[in-house]
Amino acid sequence: MERNGEIKLDPWGYSQIADYDKLFSLFGIRPFRELFPKIKNPHNLMKRGVIFGHRDFDQILDALERKEKVALLTGFMPSGKLHFGHKMLMDQIIYYQNMGIDIILAIADIEAYAVRRMERKELIRIALEEYIANALALGLQKKNLRIYFQSNMDAPYYRLASMFSQKVTAAEFSAIYGEITPAKVTAVLHQAADILHPMLEEYGGYKYVFVPVGADQDPHLRFTRDIADRFSGELGLRRPASTYHRFMTGLDGGKMSSSRPDSAIFLSDPLEVSASKLMKALTGGRATVEEQRRLGGEPEKCSVYEMYLYHLLPRDEDLLDIYWKCRRGELLCGEDKKMAVEKMLKWLEEHQKKLEQAKNEAEKLVEIPSF
Ligand code: TRP
């Protein structure tokens, strides 16, 4: 866990980020917006500031321009049901896949087992039925795609994870992660192997790798970048690039998490359940109707507005329209919620049909660990 003033980045716990801009000055993450001149069709999540930061992503854009080999690698810890916060990362992956970029997805089953103490059978089921099936239903294509369980990788990947342990000290681990257990050390070494293995001859030869993640994962990226430097001569590894997104706020204003079912809408929630969760969500509304008419609402603090921003309103005009109607006090929360629920249900109903079919296909896409 990393503390720095009001910023706490804990990849295994609660990350507190009062002000995302602080990550620029404290950790050297660069503002994503500096890249706009180089990006032809930015994703809505980029335009809307959700994807707010990067490290070396300009190099990825340049490599793409030069038509050099680039892969996206990211990973998921299969620890619970998939919610709208996860969907945001899936949407990014699909956007890059549609640009023709190769996609490599790590199922972090070693991490889930070691750190979250998940039962093996259960985490395998969640990986297939929740993560992979939802990704397919959201539009992930099977071409240019490799999905693997960490525990099912082959020798060169494991050789990497073991070799990495030689060039890092306990002091470095605790400088980045604070007090750290053997389980977490294992998770970190495997995550570095996830990110760097695609550069090896054994996995198709050198390619640029970038990693889209939530800001809480930045400690792992700093660690991996250092390791890459130390193995540049011996193995030809290079620093990975990364992009960072903000987290959605939980429906109750706290952390959005699979372990707190009322904080998140799951993509597999029955329609009535999802509707009732959204109707109960915390908004940026005022204490009374009179006040709201007079002062206007605060969309910046509203989890319903977040649903529009991240998911429900692809057209910028529609988003701005709602934003200003709320700010001017013309649109009250009750009416607004009804509208959001209607849009969400329409989307979820379609999605859940696709999800049923995708469940059968998920297990054909990945080799399943024997235990
Ligand atoms: N640690 C990530 C999480 O908690 C999962 C993960 C494993 C990952 N390997 C990765 C993320 C490689 C990005 C790249 O969700």
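Residues numbered from 1 in each chain as written. Predicted model: local features only at pLDDT ≥ 70, side-chain atom pairs only at ≥ 80, totals over all residues. Heavy atoms only, no water.

Considerations on the overall build of the protein chain
Step number 1: Helix and strand content of the protein chain: 16 helices and 10 strands.
Step number 2: Its C-alpha atoms give the protein chain a radius of gyration of 21 Å, within 12% of the compact-globule value 21 Å for 371 residues.
Step number 3: If one aligns the C-alpha atoms of the protein chain with their principal axes, the spans along those axes are about 70 × 45 × 45 Å.
Step number 4: Expressed as a percentage of the 371 residues in the protein chain, the buried residues total 54%.
Step number 5: Excluding contacts between residues fewer than 6 apart, the proportion of contacts in the protein chain whose partners are at least 24 apart in sequence is 75%.
Step number 6: One finds the centroid of the 53 positive side-chain charges in the protein chain at a distance of 1 Å from the centroid of its 53 negative side-chain charges. (Helix = DSSP H or I, 4+ residues; strand = E, 2+ residues; numbered from the N terminus. Rg over C-alpha atoms; globule rule 2.2 N^0.38 Å. Buried < 20%, exposed > 50% of the residue type's maximum accessible area, 1.4 Å probe, protein only. Contact = heavy atoms within 4.5 Å. Lys, Arg positive; Asp, Glu negative; His and termini not counted. Charge placed at Lys NZ, Arg CZ, Asp CG, Glu CD.)

Focus on the site of the ligand
Step number 1: Around the ligand sit Leu73, Thr74, Gly75, Met77, Ala108, Glu111, Gln191, Asp194, Ile195, Val211, Val213 and Gln217, and that is every residue in its neighbourhood.
Step number 2: Here a nitrogen atom of the ligand and a side-chain polar atom of Glu111 are 2.8 Å apart.
Step number 3: Here a nitrogen atom of the ligand sits 2.8 Å away from a polar atom, N or O, in the side chain of Gln191.
Step number 4: For the ligand, whose free accessible area comes to 370 Å², the fraction covered by protein is 91%.
Step number 5: At the level of elements, β6 (70–76), α9 (182–196) and β9 (208–214) are the ones that each hand at least two residues to the shell around the ligand.
Step number 6: The residue makeup of the shell around the ligand, split by class, is six nonpolar, four polar and two charged. (Near = heavy atom within 4 Å. Polar contact = N/O pair within 3.5 Å; in protein donor to acceptor, adjacent residues only side chain to side chain. Areas by Shrake-Rupley, 256 points an atom, 1.4 Å probe, with all protein chains shown as cover. Nonpolar A, V, L, I, M, F, W, Y, C, P; charged D, E, K, R; others polar.)

Quick word on the pairing of strand β5 (residues 51–55)
Step number 1: Across the five residues that make up β5, a large majority, five, are buried.
Step number 2: For strand β4 (residues 30–31) and β5, the ladder comprises two bridges, and the chain directions are antiparallel. Note on β5: the bridge partner recorded for Pro31 is Gly53.
Step number 3: In this sheet, strand β10 (residues 241–245) lies alongside β5 in antiparallel orientation, the contact comprising four bridges. Note on β10: the bridge partner recorded for Arg55 is Ser242. (Pairing = 2+ DSSP bridges.)

Some details on the packing of aromatic side chains
Step number 1: A full pass over the atoms with the stated rule returns 19 aromatic pairs.
Step number 2: Between the aromatic rings of Phe173 and Tyr177, the centroid separation amounts to 6.3 Å while the plane-to-plane angle is 35°, which identifies the pairing as tilted. Placement of both Phe173 and Tyr177 in helix α8 (residues 170–177) is noted, with a separation of four residues, approximately one turn of the helix.
Step number 3: Of the residues examined, Tyr177 reaches a relative accessible area of 2% and is grouped as buried.
Step number 4: Plain terms: the ring middles of Phe173 and Phe223 are 5.3 Å apart, the flat faces sit at 25° to each other, and that makes the pair stacked. A residue pair is termed long-range when its members are at least 10 positions apart, and Phe173 in helix α8 and Phe223 in helix α10 (residues 218–230) qualify at 50 residues. (Phe/Tyr/Trp six-rings, centres within 6.5 Å; stacked < 30°, edge-to-face > 60°.)

Remarks on the side chain of Lys87
Step number 1: Relative to the helices and strands, Lys87 resides in helix α4 (residues 84–98).
Step number 2: Reaching out from Lys87, the side chain makes a polar contact with the side chain of His311 at a distance of 3.1 Å.
Step number 3: Setting aside chain neighbours within four positions, we find Lys87 in contact with Leu138, Leu267, His311 and Trp347.

Remarks on the packing of α4 against helix α6 (residues 120–138)
Step number 1: Orientation of α4 relative to α6, taken along the N-to-C sense of each, is 55°, at an axis distance of 10 Å. By the angle between their directions, the pair α4 and α6 is classed as oblique. At the point where α4 passes α6, the crossing takes the right-handed sense. Residue-level contacts link His86, Lys87, Met90 and Ile94 of α4 to Tyr131, Ala135 and Leu138 of α6.
Step number 2: Per-class residue counts for the contact of α4 with α6 are five nonpolar, one polar and one charged. (Axes fitted to C-alpha atoms, helices over the stretch in contact; angles between N-to-C directions. Parallel < 35°, antiparallel > 145°, perpendicular 65-115°, else oblique. Left-handed = near helix turned anticlockwise from the far one by under 90°.)

Brief notes about the sheet that holds strand β8 (residues 145–149)
By way of backbone hydrogen bonds, the strands of a sheet pair with one another, either parallel or antiparallel.
Step number 1: In spatial order, the strands read β4-β5-β10-β9-β6-β7-β8; together these seven strands make up an open sheet with mixed pairing. On the outer flanks of this sheet lie β4 and β8, each paired with one strand and no other.
Step number 2: In the packing of helix α3 (residues 57–65) onto the sheet, contacts are made with β5, β6, β9 and β10, and the angle to β9 comes to roughly 135°.

Overview of the pattern of salt bridges
Step number 1: What the rule picks out here adds up to 28 salt bridges.
Step number 2: Arg315 is the partner of Asp318 in a salt bridge, and the nearest nitrogen-oxygen pair spans 3.0 Å. (Salt bridge = Lys/Arg side-chain N within 4 Å of Asp/Glu carboxyl O.)

Let's talk about helix α7 (residues 155–164)
Step number 1: Every buried residue belonging to α7 is among Pro156, Tyr157, Leu160, Ala161 and Phe164, and all of these are buried. For α7, the buried positions fall inside an angular range of 145° around the axis, keeping them on one side.
Step number 2: Contacts made by the buried residues of α7 are with β8, α9, α10 and α11 (232–235). (Arc of directions from axis to C-beta.)

What about the environment of Glu367?
Step number 1: Residue position: Glu367 is located in the segment after α16 (333–362).
Step number 2: Note: C-alpha distance between Glu367 and Ile147 (220 residues apart in sequence) is 8.4 Å.
Step number 3: Setting aside residues up to four positions removed in sequence, Glu367 forms contacts with Phe149 and Asn152.

What about unusual backbone geometry?
In terms of backbone geometry, most residues other than glycine have negative phi values and most peptide bonds are trans.
Step number 1: The phi angle at Arg117 is positive, at roughly 60°, despite the residue not being glycine.
Step number 2: Structurally, Arg117 is set in the loop between α5 (109–114) and α6.
Step number 3: A positive phi is found at Asn144, a non-glycine position, where the angle reads about 50°.
Step number 4: Within the fold, Asn144 resides in the loop between α6 and β8.

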